[in-house]
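Structural features, examined
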Amino acid sequence: MGSRRFLLGLCLLSHACCCASAATCKLKAKFNLSGYKDVEKKKVVIGGMFPVHKSIVSSDGNTSRLPVSSDCQGFNFRTFRWTQTMLFAIDEINRRDDLLPETDLGYVIYDSCFTISKAVEGTLTYLTGQDEAVPNYRCGDGPPLAALVGAGGSDLSIATARILGLYHFPQVSYSSTCSALESKFQFPTFLRTIPNDKHQSAAIARLVLHFGWTWVGTIAADDDYGKYGIKDFKEQVEEAGVCIAFSETLPKVSSPEDIQRIVQMVVETTAKIIVVFSSDVDLSPLVTELLRHNVTNHTWIATEAWVTSALMLQPGVSSLLAGTLGFAVKRASIPGLQRYLLDVDPYSDLLTEEFWETLFNCTLDYGKAQKWSKQRAKDANATANGIPDGLCTGHESLAKVDNTYSDVSQLRITYSVYKAVYAVAHALHNLEHCEEGRGPFNGKEDCANISSFEPWQLMYYLKNVRFDVLHTGEQIYFDDGDVEGFYDIINWQFDGDGQISYVAVGRYNGSQEPEERLVVFNDSILWNNEELQPPRSVCSENCQPGTRKGIRQGEPVCCFDCIPCADGEISNTTNARECILCGEDDWSNEVHDTCVPKIIEFLAFGEPLGITLIVISVFGALVTIGVGVVFALKMGTPLVKANDAVLSFSLLFSLVVTILCSIVFLGEPQDWSCMTSQVALALGFALCLSSIMSKALVLMLRARALKAARDRSKAAAKAAKAAAEAAASSGSPDIIAANTHSNNNDVGACAVPEVDALSFVHQRAIAAAATLVQAVACTVWLLILPPHAIKNTSAQNIKIILECDEGSVVFICCIFAYDILLALLAFVFAFIARRLEDHFSEGKCMTFGMLVFFIVWISFVPAYLSTRGKFMVAVQIFAILASSFGLLTCVFLPKCYILLVKPEHNIEEMMRPRAKPRDGTSTGTSASLATAGTEVTATTASTAIDD
């Protein structure tokens, strides 16, 4: 904007000046411009601007003398070919009969030297019409200037377009691709025959995404072309998740420090892909330095500005740039161009002379050549004779020189120049052949005069021009100043001799549907180091299914850690951001990439553990039934009759129930099996424990009764003994004898206790009542909150445990607490009755049986709580079987031993008490309380005799 304001101010200040009046106009500066000019006897002149040189000679900054326009340096053969192509196109048009047949085109072509200042100088000179630039005026009466073809780079075109736009002067660019130039508000008269960079940026972005590159470095020239191109590219790839590893800017003015910094960044980066938005002139110093540092193993993405430039082809460049992919504009063959290029006259003008001298490394100036020859002879102490060394003959053969100037195999920008010239020519042709009265101006009536038209009139025809290019047949038209975005994708392939081939490996067409725009032939691409597979360029490797991305703090989103999904979570896509929680009935597999059904677990009948438990249960039931059969067969024997047969059989029946109910715990839980197993277990143990309790209660009462009888017997014996001693001491033997006999009878009578306070009927009633209480509780349980089968998904992550839910914790606790109460009562009663000695110690057997019962279930609790799944059921079954077998063994084994092994002991005498213990205490028998009375009487009589 600053340059624009300056120019506007300059134009206003010169508004009062007249070119013809030397008294009022003062020339401020004379521009040093080189180029081609042919305006004599021409009807219309076309302007051209080409960066024939790479830069201008830097000024020394001295302000003590008159400043002069800078000279140019660094001859560019490629852009010189563009210049010659414009001359060829104008010459071809002038020779045609169907295009501008009555108009000869002239030209004014200037060298912009690839700098904005030279481009502005040339623009002002165009507008003025003479070498002395007078802003806002066109001096002279020569042919009108139709349009400007140029001005090369995007930053040059932006500078010239701002000036030309002030006067509505048409400009058709052949290589300015910057997307900023599409703004018709800023650049109303700018058109171009090369695609807008928004297409190229989109094409590069799609290429990066096509190969899955997410870690990319960028290098851009420090001008509008580089800045806008990289900006558009970044916006598109970053939206797709691509990260920029680094972003560097190439200096426009030589800066070794900046070049070294960029080289260091390229060496250190982990990005394998580097996108470069730059001209070949700006990129060339970086390539030279990268070659010096032997940088390899990178793939470069080139833009149209340097993808086919010979300026990059330095010695050894294959190790650096082999495998480069780039986008090039349409290529075409232009018949007759190569012959025209080879027929150039070295003496025609200064630019051609410099071209010749640079190409053949000689000089066309005889005096200069002679001076060089004398200097070399002086240095070698010789005499210069004959033709001076280094003098060009002017007849050197261009065809024998392998140079980018004469190489017409990759006519891309050259073809764009050709189309730009033809676009102006066709617009002029339409202007010239306008039918009067049917013109586009002044209400669509007037036409413009080809000899004196205004620039804005030609602009109308340029914007609406549509034509087919000669030889190629391509149709050219401007869509709001731009052409279609079509590119060839070029791959740099080097042979063994280091010769490069630009191989087309795809295309991009911005006018197609989004999914069809990019076409890449992957198999045709030869990557760096002759690899066949595309390089990987990622900051972090892809997170495979089963993991998720964990962003690293302070780093780009492409740099991440792959965190395995937690158990029960999966990720089934690459680079998943979050893991997915599996459903309640599913669990993650080993690699956490698929939810699989959880393992259904229950203690099955057919598995080894289940079979083992079934065998043990059946065996226990058969043994219990066998004991019952033995008791039934021995029903009339004293031992069986001495015990209540009904309670014995109820006890055996309850043991069969508890042992067999363990089988119901096996298999897949069902509602009926859950209710059956729990209720059968509760009732079975209730019947079993109540039966034992009833038996133990009777034994306890007998033991207490016998103890009371013994106490009375001892008291009577002591009284009788005392009476006898008293009689003896008094000397009355008769009285003593009578008293003694009387006392002994009293003692015997007192020693006999009340027999069987609880009869068999009472025992059975107690057992039945105790069992009935449990039955009522179980019935209420089943009616209100019955046990039922459930799927336990929380106990183990990878399994669904099919188990029984008790329905109500309160009920299950009350019911089994009741069984524990019965067990405690039975144990207490049996423990008290343990001193009731007989030949098979039934009280002790019950005590040991209850101890086994408690030990089993006390051990069961921690074992049950520490297991999961089917092993919980196994532990429960083992506890049921162990406690049942313990009771069966302790209660019935001694009796079965006598019934089966020692039948001789199964007699009435064996039901009587054993011999008196040495401590003098007497014991009773559990077989018959009647024998206790006999024992007491005998003891009293014996005492009396002894006394």
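All of the points below concern the structure found in this document. (Residues numbered from 1 in each chain as written. Predicted model: local features only at pLDDT ≥ 70, side-chain atom pairs only at ≥ 80, totals over all residues. Heavy atoms only, no water.)

**Side note on the overall build of the protein**
Which entries qualify depends on this criterion: Numbering of helices and strands runs from the N terminus, with a helix taken as a DSSP run of H or I at least four residues long and a strand as a DSSP run of E at least two residues long. The buried label goes to any residue with under 20% of its type's maximum accessible area, the exposed label to any with over 50%, and the partly exposed label to all in between, with areas taken from a 1.4 Å probe on protein chains only. Contacts are residue-level and defined by heavy atoms, with any inter-residue pair within 4.5 Å sufficient.
For the protein, the count of helices and strands is 24 helices and 27 strands. The buried share among the 947 residues of the protein stands at 50%. Across the protein, every contact between residues at least 6 apart in sequence was considered, and the portion connecting residues at least 24 apart equals 70%.

**With respect to helix H20 (residues 760-784)**
What counts is decided by this rule: Expected helix span is taken as 1.5 Å per residue step, with the number of steps being one fewer than the number of residues.
For H20, built from 25 residues, the straight-helix expectation of 36 Å at 1.5 Å per residue is met to within 8% by its first-to-last C-alpha distance of 36 Å. For H20, the complete set of buried residues consists of Gln-763, Ala-767, Ala-770, Thr-771, Gln-774, Cys-778 and Trp-781.

**Here's the deal with the pattern of salt bridges**
Note the threshold: Whenever a carboxyl oxygen of Asp or Glu lies within 4 Å of a side-chain nitrogen of Lys or Arg, that contact is scored as a salt bridge.
Using the criterion set out here, one finds 26 salt bridges in the structure. Its salt-bridge partner being Lys-799, residue Glu-601 comes within 2.6 Å of it at the nearest N-O pair. Here Glu-601, found in strand S25 (residues 599-601), pairs with Lys-799, found in strand S27 (residues 799-805); they are 198 residues apart in sequence, far enough to count as distant. Assigned by exposure class, Glu-601 and Lys-799 land together as buried.

**Brief notes about the sheet that holds strand S26 (residues 788-792)**
As a reminder of what qualifies: Two strands pair under a simple rule: DSSP has to find at least two bridges between them. Each axis is a line fitted through C-alpha atoms, taken for helices only over the stretch in contact, and angles between the N-to-C directions span 0 to 180 degrees.
Strands sit in the order S25-S27-S26 across an open sheet of three strands; the sheet is mixed. Among the strands making up the open sheet, the edge pair consists of S25 and S26. Neighbour-to-neighbour, the strand axes of this sheet turn through a mean angle of 25°, independent of strand direction. Bridge count for S26 against S27 is five bridges, and the pairing is antiparallel. Of the residues in S27, the one forming a bridge with Ala-789 is Cys-804.

**Digging into the packing of helix H22 (residues 842-865) against helix H23 (residues 870-901)**
What counts here: Angles below 35 degrees are treated as roughly parallel, those above 145 as roughly antiparallel, those between 65 and 115 as roughly perpendicular, and all remaining angles as oblique. Only Asp, Glu, Lys and Arg are considered charged, only Ala, Val, Leu, Ile, Met, Phe, Trp, Tyr, Cys and Pro nonpolar, and every remaining residue, Gly among them, polar.
As a packed pair, H22 and H23 sit with axes 8 Å apart at the nearest point and diverge in direction by 175°. By the angle class used here, H22 and H23 are roughly antiparallel. Contact residues: Glu-842, Cys-845, Phe-848, Gly-849, Met-850, Val-852, Phe-853, Val-856, Trp-857, Phe-860, Ala-863 and Tyr-864 in H22; Met-872, Val-875, Gln-876, Ala-879, Ile-880, Ala-882, Ser-883, Gly-886, Leu-887, Cys-890, Pro-894 and Lys-895 in H23. For the contact of H22 with H23, the class distribution of residues is 18 nonpolar, four polar and two charged.

**Quick word on the side chain of Asn-528**
Going by this rule: Here a polar contact is recorded for every N or O atom pair within 3.5 Å, except that within protein the pair must consist of a potential hydrogen donor and a potential acceptor, and residues adjacent in sequence are included only if both atoms are side-chain atoms.
Looking at the element boundaries, Asn-528 is found in the loop between strand S18 (518-520) and strand S19 (547-551). On the basis of relative accessible area, Asn-528 is assigned to the buried category, the value being 5%. In this structure the side chain of Asn-528 is engaged in a polar contact, spanning 3.1 Å, whose partner is the backbone oxygen of His-298. Excluding residues within four positions of it along the chain, Asn-528 makes contact with Thr-296, Asn-297, His-298, Thr-299, Ser-318, Ser-319, Leu-320, Ala-322 and Gly-323.

**Overview of unusual backbone geometry**
Residue Ala-151 is bonded to the preceding Gly-150 through a cis peptide linkage, with omega at 15°. Inspection of the secondary structure puts Ala-151 in the loop between strand S6 (145-149) and helix H4 (154-166). Even without being glycine, Asn-575 reaches a positive phi, approximately 60°. Secondary-structure assignment places Asn-575 in the loop between strand S21 (569-570) and strand S22 (580-581).

**Concerning the nonpolar core**
Convention followed: Throughout this description, the term nonpolar core refers to a set of buried Ala, Val, Leu, Ile, Met, Phe, Trp, Tyr and Cys residues connected via side-chain atoms within 4.5 Å.
Within the largest apolar cluster, 104 residues are counted, with the highest numbers of intra-cluster contacts made by Leu-325, Phe-355 and Leu-428. Per-element tally for this core: the top contributor is helix H13 (residues 413-432), with 13 residues. Excluding residues that lie within four positions of it along the chain, Leu-428 makes contacts with Val-44, Leu-100, Leu-105, Ala-146, Ile-450, Phe-453 and Leu-458. Within the second largest apolar cluster, 56 residues are counted, among which are Phe-665, Cys-688, Leu-887 and Ile-898.

**What to know about the packing of aromatic side chains**
The line we're drawing: The aromatic pairing rule takes the rings of Phe, Tyr and Trp, using the six-membered ring of Trp, and pairs them if the centres are within 6.5 Å, calling planes under 30 degrees apart stacked, those over 60 edge-to-face and the rest tilted. Only lysine NZ and arginine CZ atoms are considered, and such an atom sits over a ring when it is within 6 Å of the ring centre and within 35 degrees of the ring normal.
According to the stated counting rule, one finds 33 aromatic pairs in the structure shown. Consider the rings of Phe-685 and Trp-857, whose centres lie 5.8 Å apart with planes at 85°: the pair is edge-to-face. In this pair, Phe-685 sits in helix H18 (residues 671-730) while Trp-857 sits in helix H22, placing the two residues 172 residues apart along the sequence. Taking relative accessible area as the criterion, Phe-685 reaches 3% and is therefore assigned buried. By relative accessible area, Trp-857 is classed as buried at 19%. An aromatic cluster of three or more residues is present, and its members are Phe-685, Phe-827, Phe-831, Phe-853, Phe-854, Trp-857 and Phe-860. Here the basic side chain of Lys-330 rests over the ring of Phe-486, its NZ or CZ set 5.1 Å away from the ring centre. Of note, Arg-466 hangs over the ring of Tyr-477, and the distance from its end group to the ring centre comes to 4.2 Å.

**Digging into the sheet that holds strand S2 (residues 44-50)**
Taken in spatial order, the six strands of this open sheet run S1-S5-S2-S6-S7-S8, and their pairing is mixed. Strands with a single pairing partner mark the edges of an open sheet, and in this sheet they are strand S1 (35-38) and strand S8 (190-192). The mean inter-strand angle of the sheet, taken between neighbouring strand axes irrespective of direction, is 25°. Summarising the sheet, S2 and strand S5 (residues 105-111) pair through seven bridges and their orientation is parallel. Paired with Gly-47 across the strands is Val-108, a residue of S5. Each of S2, S5, S6 and strand S7 (171-173) is contacted by H13, which is oriented at about 160° to S6, the strand it contacts most.

**Side note on helix H6 (residues 224-239)**
Threshold: Each C-beta atom gives one direction from the helix axis, and the arc is the one those directions make.
Its 16 residues place the ends of H6 23 Å apart at the C-alpha level, agreeing with the 22 Å of an ideal helix rising 1.5 Å per residue. When H6 is considered as a whole, its buried residues turn out to be Tyr-225, Gly-226, Gly-229, Ile-230, Asp-232, Phe-233 and Val-237. Projected down its long axis, H6 shows its buried positions confined to an angular sector of 160°, all on one face. If you follow the buried residues of H6, they end up packed against H4, helix H5 (197-210), strand S9 (215-221), strand S10 (243-250) and strand S11 (273-277). Backbone nitrogen of Tyr-225 and a side-chain oxygen of the N-cap are separated by 3.3 Å at the start of H6; the cap is Asp-223. Looking one or two residues past H6, Gly-241 carries a phi angle of roughly 95°, positive in sign.

**Topic: the pairing of S27**
Of all the seven residues making up S27, five are buried; the element is thus mostly covered by neighbouring parts of the structure. Two elements, S25 and S27, share three bridges in a ladder whose sense is parallel. Residue Ile-600 lies in a different strand from S27, and its bridge partner there is Ile-800. Counted between consecutive antiparallel strands, the loop separating S26 from S27 contains six residues.

**Some points on the state of the cysteines**
So the rule is basically this: For the purposes of this analysis, a disulfide is any pair of cysteine sulfur atoms at a distance within 2.5 Å.
For the coordinates displayed, the defined rule picks out nine disulfides. Covalently, Cys-72 is tied to Cys-113 through a disulfide, its sulfur atoms 1.5 Å apart. With the S-S dihedral at roughly 80°, the linkage between Cys-72 and Cys-113 falls on the right-handed side. Residue Cys-72 is located in strand S4 (residues 72-75), and its partner Cys-113 is located in the loop between S5 and helix H3 (116-128); the two are separated by 41 residues in the primary sequence. Exposure remark for Cys-72: the relative accessible area of 23% places this residue in the partly exposed category. Taking relative accessible area as the criterion, Cys-113 reaches 0% and is therefore assigned buried. One disulfide bridge connects Cys-539 with Cys-559, the sulfur atoms lying 1.9 Å from each other. Disulfide Cys-539-Cys-559: torsion about the S-S bond near 105°, hence right-handed.

**Side note on the packing of H3 against H4**
Definition in use: Each crossing gets its handedness from the near helix: less than a right angle anticlockwise from the far helix is left-handed, clockwise is right-handed.
Put simply, H3 and H4 touch, their axes get as near as 9 Å, and they point 30° apart. Taken together, the axes of H3 and H4 are roughly parallel relative to one another. The handedness of the crossing between H3 and H4 is right-handed. Between H3, through Ile-116, Ala-119, Val-120, Thr-123, Leu-124 and Leu-127, and H4, the contact on the second element is made entirely by Asp-155, Leu-156, Ala-159, Thr-160, Ile-163 and Leu-164.

The analysis is restricted to geometry; functional conclusions fall outside its scope.
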